[in-house]
Amino acid sequence: MEAVTGWWDDYFWGSVVVLQVFVASLILMVLFGLIGAAAKLSHNRIAQKIAAGYTVVFRGTPEILVLLLLYFGSAETLTAITKLFNPETKFVDIPPFWAGTLAIGLIVGSYATETFRGAFLGVKPGSVEAARALGMSNLQTFIYVRIPEMWRLALPSFGNHMLSLIKDTALISIIGLNETFFVSKQAIASTGKPFTMYIVVGCIYLTFSTVITLAVMGMEKYGNKHMETAR
Amino acid sequence: MIFDFELVADSIPKMLMGIGMTFQLLFLSAFLGLILAILLLLMRISGKWYLSWPAQVHIYIFRGTPILVQIFIIYYGLPQFEFIRDSIFWPILREPFGCAILALTLNTGAYVSEILRGGVLGVDRGVLEAGAALGLSARQKFIYLTVPIAARLSLPAYSNDFISLMKATALASTITLVDMMGIARTIVSQTFAPYEIFISLAIVYMILTWIIQKTFGRIEKYLSRYVKPEGLA
Amino acid sequence: MTTPTPEILIQMKSVNKYFGNFQALKDINLEVKKGEKIVVCGPSGSGKSTMIRCINRLEEHTDGHIVIDGNELTDKVKDINAIRREVGMVFQSFNLFPHMTILKNLMLAQRLVRKTSKAEAREIAMHFLERVKIPEQADKYPVQLSGGQQQRVAIARALCMKPEIILFDEPTSALDPEMINEVLEVMTDLAKEGMTMICVTHEMGFARSVADRVIFMDAGEIVEEAEPEDFFLNPKNERTQKFLSQILTH
């Protein structure tokens, strides 16, 4: 374990990067998920087809492939464009942070599409009808009846998506993102202790996933308060 | 920037040469993983803490950490220990294939055992009570009632995990295994044509996914022939 | 000429049942003789289902004694299984095995518990399927049958084990009105043939015509016990009167 001393700093900053990717990709995932779900639920045939294509593509392709495609593809394009202006250009890329965030946001977003869609459909029509019968507007019904119930239904799967997001961050180290996994490779080169270093990474990710799981459990409990029946 | 179709036509056969490795990784770990999952499930529902706990710990660790890290720990990390290098398992653990199978198996075993547990919990309590009222033993109830019903309930989630497993096999390329992904990366590094190569490979994976989904769909349909239209018996 | 005393099949002595702090059964004392038909009625939560579920150990009584056909009901698996062989149960939600055909539903317990041969089990199954008047459904799955048919299959399934007693836990409560009669008919035939029955139900017409005794339960206690005539025309206890007035007005 002494091998790890001296690297705690780097691991710490690597963890910060993981969190940053998590937050950024979470936002993207929710965005893509909501747009995708809305498209699938709409009556617009074209929107439905595009959303269907979106889910098929990103659920059927390995994450690492999407990541490499996005990163190297965009780098290739950017380099080519920049070469037109400056023939000396060797390699231009989008920062791995953004390539990675976009990639996992898109991927997990495609799963989120199904989750949000299912949650929307899961709201009992009876509740919506009752709200309308009471005179609530469409917007009010949406905010006060639909959304709370959707959130409660989507929560377990949403929690799983968040876990996927944080674990997929490790993949981004492959394109050079300076998060914990990347740090460990450097640490290994220096200390010659691969097992130790990778275990540290494992523990860091385990901690993150535990926190997320506990947070989701807490939210589920809160969201299901009204479901507890009297004895 | 024109799309180099010639390159695609040239590369696809090359990438498909890796499909054998992809399938080996997929089916072997799926099979071993299922066995592990059943074992973990039985340990989980045994009611005995010394069986239930280790199973839960395993599931917790393997679902809570990235599979890439798991692969690296097994392939790069284990050789750090002399007792590993001296053990009878070394011939397996020395090879990237053995390590990949081990990692994938341990990983999918954890996920599938939770899926099976969900299936077991989903069995209608009333059906089990009827079995008890008729005098069936706990073992008989499990074999004749729980297992068939839980298997059917687990199928949709299991098919999703099977697809995830297939996608995870692509990670084997990071420890030098020559599967489709590995070949693709080699070609890209030589030709600098990420779009053509990766997009065509993506299409191959999507086709495989589609085939898997259709197959499981058929199985689900057959097993659900006695189910009410809403979907739950 | 001495009439042989009918044997006492079920004896419940000072039975109490707690769910945590909540007392579901309070000092239950009950004797059921062979061939008797008992109807148990009462408001929701009165403990009627709990009481009969204690008889075949689907619930465990906290204290007191339950003796069935001479066997005391204890924790021992052997005792429990011995009792479950003699006591059949019909559930409110039928609880047929969804993944098996009707025939298999009727044969499974025979083969596993009584170790009957396949051929004999099938014969017995078809016999009782005919008794409940739906032999043509043998190869169908439960989901393909109506509620009334499913419940009749459930009764046949219990009968295949040739039990001494059958417990009915609100057998018609989950049925559409037009199907209630077909099930009550089967139960009435069963009663006429001498089966010992304890039936938790709201069907008062059935109680009047079939029961030897009607028991009223409320808040975990047996409040009143009488023959149907006395029970319905002269309820003695105030709570019984209140209950009857509530359910018999419509």
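Residues numbered from 1 in each chain as written. Chains lettered and ligands numbered in written order. Predicted model: local features only at pLDDT ≥ 70, side-chain atom pairs only at ≥ 80, totals over all residues. Heavy atoms only, no water.

Asker: Residues and numbers for the overall build of chain A, please.
Answerer: A count of helical and extended segments in chain A gives eight helices and zero strands. Helices and strands in chain A line up, N terminus first, as α-α-α-α-α-α-α-α. On chain A, roughly 11900 Å² of surface is accessible, and the fraction owed to carbon and sulfur atoms is 67%. Each charge sign in chain A was given a centre, from 17 positive and 14 negative side chains, and these centres are 13 Å apart. (Helix = DSSP H or I, 4+ residues; strand = E, 2+ residues; numbered from the N terminus. Areas by Shrake-Rupley, 256 points an atom, 1.4 Å probe, with all protein chains shown as cover. Lys, Arg positive; Asp, Glu negative; His and termini not counted. Charge placed at Lys NZ, Arg CZ, Asp CG, Glu CD.)

Asker: Give me the lowdown on the interface of chain A and chain B, citing residues and values where you can.
Answerer: Between chain A and chain B, the contact holds 36 residues from the first and 34 residues from the second. Between chain A and chain B, roughly 3100 Å² of surface is buried when both sides are summed, and carbon and sulfur atoms account for 75% of that area. The largest contributions to the chain A side of the interface with chain B come from L65(A), K167(A) and F195(A), which together make up 19% of the buried area. At the junction of chain A with chain B, the criterion picks out one salt bridge. In this structure, the salt-bridge partner of E63(A) is K167(B), at a minimum N-O distance of 4.0 Å. The interface formed by chain A and chain B includes eleven residue pairs in polar contact (both at pLDDT 80 or more). Sorting the residues of the side of chain A that touches chain B by element identifies α2 (45–60), α3 (63–85), α7 (180–191) and α8 (194–223) of chain A as the ones contributing at least two each. It is α8(A) that contributes the most residues to the side of chain A that touches chain B, eleven residues altogether. Residues of the side of chain A that touches chain B, tallied by class, amount to 21 nonpolar, nine polar and six charged. (Contact = heavy atoms within 4.5 Å. Buried area = accessible area lost by both parts, 1.4 Å probe. Salt bridge = Lys/Arg side-chain N within 4 Å of Asp/Glu carboxyl O. Polar contact = N/O pair within 3.5 Å; in protein donor to acceptor, adjacent residues only side chain to side chain. Nonpolar A, V, L, I, M, F, W, Y, C, P; charged D, E, K, R; others polar.)

Asker: Requested: an account of helix α9 (residues 138–169) of chain B, with residues and values cited.
Answerer: Residues spaced three or four apart along an α-helix face the same direction, because each turn holds 3.6 residues. In this model, α9(B) (32 residues) spans only 39 Å end to end at C-alpha, well below the 46 Å of a helix rising 1.5 Å per residue. Most pronounced at L155(B), the bend in α9(B) amounts to some 50 degrees, and the proline P156(B) follows within four residues. (Expected span 1.5 Å × (residues − 1). Bend = angle between axes of the 7 residues up to and from the residue.)

Asker: Residues and numbers for the nonpolar core, please.
Answerer: As a rule of thumb, nonpolar side chains are buried together in soluble globular proteins. Core analysis: the biggest nonpolar cluster contains 161 residues, and Y11(A), M181(B), L201(B), I10(C), M12(C), I68(C) and I198(C) have the highest contact counts within it. Contacts of I10(C), omitting those with residues within four sequence positions, involve L30(C), E31(C), V32(C), I55(C), V67(C), I68(C), I165(C) and I198(C). (Core = buried A, V, L, I, M, F, W, Y, C linked by side-chain atoms within 4.5 Å. Buried < 20%, exposed > 50% of the residue type's maximum accessible area, 1.4 Å probe, protein only.)

Asker: Any chance you could break down the pairing of strand β4 (residues 63–68) of chain C for me, citing the residues and the numbers?
Answerer: All names here are of chain C. Sheet topology note: the strand β1 (residues 8–19)/β4 ladder contains five bridges and is antiparallel. Considered in β4, the bridge of K13 is made with H65. Taking the residues that link successive antiparallel strands as the turn, the β4-strand β5 (residues 71–72) hairpin has two residues, and the phi of D69 there is positive, at about 50 degrees. (Pairing = 2+ DSSP bridges.)

Asker: Account for unusual backbone geometry, with residues named and values stated.
Answerer: All names here are of chain C. Phi is positive for D69, close to 50 degrees, though the residue is something other than glycine. Relative to the helices and strands, D69 is located in the loop between β4 and β5. A residue is classified by how much of its surface remains accessible, and D69, at 32% relative accessible area, is partly exposed. At K162, a position not held by glycine, the phi torsion is positive, near 50 degrees. Along the chain, K162 falls in the loop between α5 (147–159) and β7 (165–169).

Asker: Please set out the packing of aromatic side chains residue by residue, giving values where relevant.
Answerer: All chains considered together, the criterion is met by 23 aromatic pairs over all chains. Relative to F216(B), the ring of Y158(B) has its centre 5.9 Å away and its plane inclined at 65 degrees; by these criteria the two rings are edge-to-face. With Y158(B) in helix α9 and F216(B) in helix α11 (residues 194–223), this pair connects stretches of sequence that are 58 residues apart. Both residues of the pair, Y158(B) and F216(B), belong to the buried class. Members of the aromatic cluster, joined through ring pairs, are F181(A), Y198(A), F72(B), Y75(B) and Y76(B). Positioned above the aromatic ring of F19(C), the side-chain terminus of K17(C) is 4.6 Å from the ring centre. R157(C) extends its terminal NZ or CZ atom over the ring of F97(C), reaching a point 4.6 Å from the ring centre. (Phe/Tyr/Trp six-rings, centres within 6.5 Å; stacked < 30°, edge-to-face > 60°. Lys NZ or Arg CZ within 6 Å of the ring centre and 35° of its normal.)

Asker: Describe the sheet that holds β5(C), listing the residues and the values that go with them.
Answerer: All names here are of chain C. Pairing in this open sheet of four strands is antiparallel, and the strands run β2-β1-β4-β5 from one edge to the other. Among the strands making up the open sheet, the edge pair consists of β2 (22–33) and β5. Both β1 and β2 contribute to a ladder of eight bridges, which runs antiparallel. Among the inter-strand pairings, I10 is bridged to a residue of β2, identified as V32.

Asker: With reference to specific residues and values, describe the environment of G47(B).
Answerer: Tracing the sequence through the fold places G47(B) in the loop between α2 (19–44) and α3 (49–64). Remark: the alpha-carbon pair of G47(B) and L106(B), spanning 59 residues in sequence, is separated by 22 Å.

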